[in-house]
Amino acid sequence: MCATLSMGRVMLALLVCVSGLITAQKKTSSEQDLMDAVNRERKARELPILKWDEGLARAARKHAELMAEQKLLEHQLPDELELAVRAHDAGASFSHITENIGVADWANAFHEGWMQSPGHRANILDPHIDSIGIGLVEEGQRLYAVEDFSLAVEPLSIEEQQKRVGEVLVARGFHLLNIGDAKKFCESGKEVIGSRRPGYIARYKTSNISQLPEDLEKQVHLPRFKSALVVACPQEEDTGFTTFRMIIVLY
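Every chain's residues receive numbers from 1 upward, in the order its sequence appears when written. Where local features are concerned, this predicted model is filtered to residues with pLDDT of at least 70; where side-chain atom pairs are given and counted, the filter is 80 or more; whole-chain, interface and lining totals use all residues. Side-chain descriptors were evaluated using all non-hydrogen atoms of the structure, hydrogens and water having been removed beforehand.

Asks: Quick question: what am I supposed to make of the environment of Gln-32 here?
Replies: Examined against the element boundaries, Gln-32 turns out to sit in helix α1 (residues 29–44). Exposure classes here rest on a 1.4 Å probe applied to the protein chains alone. A residue is buried below 20% of its type maximum, exposed above 50%, and partly exposed in between. The class for Gln-32 is partly exposed, based on a relative accessible area of 27%. Between the C-alpha atoms of Gln-32 and Ile-134, which are 102 residues apart in sequence, the distance is 8.4 Å. Starting at the N terminus, helices and strands are each numbered in turn, a helix being any DSSP run of H or I of at least four residues and a strand any DSSP run of E of at least two.

Asks: What's the story with the confidence of the model for the chain in this structure? I'm lost.
Replies: Residues shown with low pLDDT carry predicted positions that ought not to be read at fine detail. Per-residue confidence for the chain averages 87 on the pLDDT scale, and 85% of its residues sit at or above 70. Mean pLDDT across the secondary structure elements of the chain bottoms out at strand β1 (residues 2–7), with 33, and peaks at strand β3 (residues 51–52), with 98. Confidence scores per residue from the predictor, reported as pLDDT, run from 0 to 100. Working rule for contacts: check all heavy atoms of both residues, and any pair within 4.5 Å makes them a contact. Between residues 1–9, whose pLDDT stays under 50, and residues either more than four places distant or in other chains, the model counts 25 contacts. The model gives residues 18–22 a pLDDT under 50, and that stretch makes nine contacts with residues more than four places away or in other chains.

Asks: Looking at this structure, I do not really get unusual backbone geometry. What am I missing?
Replies: If a residue is not glycine, its phi is most likely negative; likewise, a peptide bond is most likely trans. Even without being a glycine, Lys-71 presents a positive backbone phi close to 50°. Secondary-structure assignment places Lys-71 in the loop between α2 (54–70) and α3 (83–89). The exposed category is assigned to Lys-71, whose relative accessible area is 54%.

Asks: Help me understand the pattern of salt bridges in this model?
Replies: It is possible for side chains of opposite charge to pair when their charged atoms get near one another. By definition, a salt bridge exists where a carboxyl oxygen of Asp or Glu is found within 4 Å of a side-chain nitrogen of Lys or Arg. Enumeration according to the criterion identifies eleven salt bridges in this entry. For the salt bridge of Arg-86 with Glu-99, the shortest nitrogen-to-oxygen distance reads 3.1 Å. Of this pair, Arg-86 sits in helix α3 while Glu-99 sits in strand β4 (residues 94–104), and the two are 13 residues apart along the sequence. Linking Arg-142 and Asp-105 is a salt bridge whose minimum nitrogen-to-oxygen distance equals 3.2 Å. Of this pair, Arg-142 sits in strand β6 (residues 142–152) while Asp-105 is found in the loop between β4 and α4 (108–115), placing the two residues 37 residues apart along the sequence. The class of Arg-142 is partly exposed, set by a relative accessible area of 26%. Taken together, the shared-partner salt bridges in this structure form one network comprising Glu-31, Glu-54 and Arg-61.

Asks: Help me understand the nonpolar core in this model?
Replies: Note that soluble globular proteins tend to have their nonpolar side chains buried in a common cluster. Here the nonpolar core consists of buried residues drawn from Ala, Val, Leu, Ile, Met, Phe, Trp, Tyr and Cys, with membership extended through side-chain atoms lying within 4.5 Å. Core analysis: the largest hydrophobic core is formed by 21 residues, its most contacted members being Phe-110, Ile-124, Ile-132 and Phe-149. Elements with a minimum of two residues in this core: α1, α4, β5 (131–139) and β6. Broken down by element, this core gets its largest block of residues, four residues, from α4. Val-165, Ile-209, Leu-212 and Ile-248 belong to the second largest nonpolar core, which has 20 residues in total.

Asks: Would you explain the packing of aromatic side chains in this entry?
Replies: Two aromatic rings are characterised by how far apart their centres lie and by the angle between their planes. Any two rings among Phe, Tyr and Trp, with Trp reduced to its six-membered ring, count as a pair given centres within 6.5 Å; such a pair is stacked if its planes are under 30 degrees apart, edge-to-face if over 60, and tilted if neither. Going through the model one piece at a time under the given rule, you end up with two aromatic pairs. As a reminder, the over-ring test applies to NZ of lysine and CZ of arginine, requiring each to be within 6 Å of the ring centre and within 35 degrees of the ring normal. The ring of Trp-52 is capped by Lys-27, whose NZ or CZ atom sits 4.8 Å from the centre of that ring.

Asks: Where do I start with α2 in this structure?
Replies: In an α-helix there are 3.6 residues to a turn, and that puts residues three or four apart on one side. What a helix is expected to span follows from its residue count: subtract one and scale by 1.5 Å. Between its terminal C-alpha atoms α2 stretches 24 Å, which fits the 24 Å expected from 17 residues at 1.5 Å a residue. Burial runs high along α2: twelve of the 17 residues are buried. Taken as a whole, α2 has its buried residues at Glu-54, Gly-55, Leu-56, Ala-57, Ala-59, Ala-60, Arg-61, His-63, Ala-64, Leu-66, Met-67 and Ala-68. Considering only its buried residues, α2 is in contact with α1, β3, α3, β4, β5 and β6. In the analysis that follows, any N or O atom pair within 3.5 Å is treated as a polar contact, provided that within protein one partner can donate a hydrogen and the other can accept it, and provided that, for residues neighboring in sequence, both atoms belong to side chains. You can read the cap of α2 off the contacts: a side-chain oxygen lies 2.9 Å from the backbone nitrogen of Gly-55, and it is on Asp-53. Just downstream of α2, Lys-71 is the residue with a positive phi angle, here 50°.

Asks: Is there a simple way to think about the state of the cysteines in this case?
Replies: When the sulfur atoms of two cysteines share a covalent bond, that bond is a disulfide. The criterion for a disulfide is a pair of cysteine sulfur atoms lying within 2.5 Å. If you walk through the whole model with that rule in mind, you get one disulfide. Through a disulfide, Cys-186 is tied to Cys-233; the S-S separation comes to 2.0 Å. Between Cys-186 and Cys-233, the S-S dihedral sits near -90°, and the bridge is therefore left-handed. Placement of Cys-186 in helix α7 (residues 182–188) and of Cys-233 in strand β9 (residues 227–233) is noted, with a sequence separation of 47 residues between them. On the accessibility criterion, Cys-186 (18% relative accessible area) is buried. Looking at Cys-233, the relative accessible area reads 3%, which means it is buried.

Asks: Would you take a moment to explain the layout of surface pockets for this structure?
Replies: To find the voids left in a structure, one rolls a probe of water-molecule size over its atoms. Points on a 1 Å grid over protein atoms alone make up a cavity when a 1.4 Å probe fits among them but cannot get out, and a pocket when they form an open set with protein on both sides within 12 Å along at least five of seven lines; lining residues each have an atom within 4 Å of a point. Grid points are joined across faces, edges and corners, and a volume is the space filled by probe spheres set on the points. For the largest pocket, the calculated volume is near 240 Å³. Along the walls of the largest pocket sit 19 residues, with His-88, Leu-156, Gln-235, Thr-242 and Thr-243 positioned nearest its centre. Looking at the lining of the largest pocket, the elements that each hand over two or more residues are α6 (158–170) and β10 (244–250). Polarity classes work like this: nonpolar for Ala, Val, Leu, Ile, Met, Phe, Trp, Tyr, Cys and Pro, charged for Asp, Glu, Lys and Arg, and polar for all others, with Gly in that last group. Broken down by class, the residue content of the lining of the largest pocket amounts to eight nonpolar, eight polar and three charged.

Take a look at the structure:
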């Protein structure tokens, strides 16, 4: 999944992954130039323009700083967390993330080198991403650069998740039932409201909160279901990737 490329005085590497008080730092002119170069390539191919993600930028800058301090070109340095986790910890929220890293003598060398490498080029031109964060750090006579790309996911509270899915079901004519303490449903698996027995139960994980799974979508169109219970559960494992864990019960 990772590859290193040497091109004259430029060294590049790429990583592809399938799927407190934090202050913002102003983009440097070199970081802006790299972002502009990426978006020029994408615009020329009618791909979506990437937006700046400050969480990704914090993760990118931190990784660039560590590479410069240790004089290493690696996606995961000794005692460092993996990309998805460190990007999440820096404030980014996403369902897919990739990374380009490199070291060069001048800032203009990075983009040209990455575009000549199939793997790095694929990250830059990935049609499934919408966000970018860049870190560029100088160490002696050399520059270390990191580009992090992602498909961003809006971070939502448990209440906001239930509201979003509830709105989808209400738009389809459903009456929403009061679930009380949602946490109990997630822990016990209880899906019975009083004496009422569920007609259909869907348990699923998704990064697109507004889209119902195909099987559930078929069920909500059946005339026999009139009411629904919507439960959002906490994410079970901290992989860095943002997913929503839902339980939908139809009556």
